[in-house]
Amino acid sequence: MRLFTAVTLGEALTAETERGIERLRALAPDAKWVRPEGVHLTLLFLGDVDDSRLPELRDALEPVGLYHAPFVLSVAGGGAFGPPSHPRVLWADVRGDTAALKALQADVARALEPLGFTSEHGEYIAHLTLARARPPRGDPALAACARELQSASWGEGRVDRLMLFESTRGHYVPRLEVMLERG
């Protein structure tokens, strides 16, 4: 199973993000767009994991929820990764209580490190991936989307759970849900 930990953004913000993606898709129809039901913020990518390890992952992640209260994030603005004329990835900016998000990500990473899972990146930078260019050299149409995103604001959503997802053929299947319970 290809697994990753993530948070979702609540129904209202996910719905508004879906509408925003549909508007942007018209500008870059050849890009590979995220599926609206797959909108999430990845905290830690675990990679290929044998399903027999699910119980130890659950035991490591469930206590994390006890130390974190729900928090609010918003999505506004954004940009692109890659050369400005041929970006490879389009992203939306995550704002709001990003300190709470970073603390949750750090605790998830700390809880999973003894199990052999480490972050592939240094500092955690919150962003919402919206689309990827199909050609390896990028897609100039994503540059137009990035310009359009600069003035976008898609609202806010309440993060109240940590998820362990399995990625299977472009779909994200929940394998574990941990509520954020600190009062």
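Residues numbered from 1 in each chain as written. Predicted model: local features only at pLDDT ≥ 70, side-chain atom pairs only at ≥ 80, totals over all residues. Heavy atoms only, no water.

Draft legend 1. Quick look at the pattern of salt bridges. Tallied over the entire structure, the rule returns 12 salt bridges. For E56, the salt bridge is made with R53, and the minimal N-O distance between the two is 2.6 Å. On the basis of relative accessible area, R53 is assigned to the partly exposed category, the value being 24%. R161 is the salt-bridge partner of D160, the closest N and O atoms lying 2.8 Å from each other. (Salt bridge = Lys/Arg side-chain N within 4 Å of Asp/Glu carboxyl O. Buried < 20%, exposed > 50% of the residue type's maximum accessible area, 1.4 Å probe, protein only.)

Draft legend 2. Structural detail: the environment of G47. Locating G47 in the fold gives a position in strand β3 (residues 41-48). Residue classification places G47 among the buried residues on the basis of a relative accessible area of 9%. Separated by 32 residues in sequence, G47 and A15 place their C-alpha atoms 28 Å apart. (Helix = DSSP H or I, 4+ residues; strand = E, 2+ residues; numbered from the N terminus.)

Draft legend 3. View of the packing of helix α2 (residues 54-61) against helix α3 (residues 98-112). Two elements in contact, α2 and α3, have axes separated by 9 Å at closest approach and are oriented at 135°. Considering their axes alone, α2 and α3 lie oblique with respect to each other. At the point where α2 passes α3, the crossing takes the right-handed sense. Every residue of α3 that contacts α2 at L57, A60 and L61 is listed here: V108, A111 and L112. (Axes fitted to C-alpha atoms, helices over the stretch in contact; angles between N-to-C directions. Parallel < 35°, antiparallel > 145°, perpendicular 65-115°, else oblique. Left-handed = near helix turned anticlockwise from the far one by under 90°. Contact = heavy atoms within 4.5 Å.)

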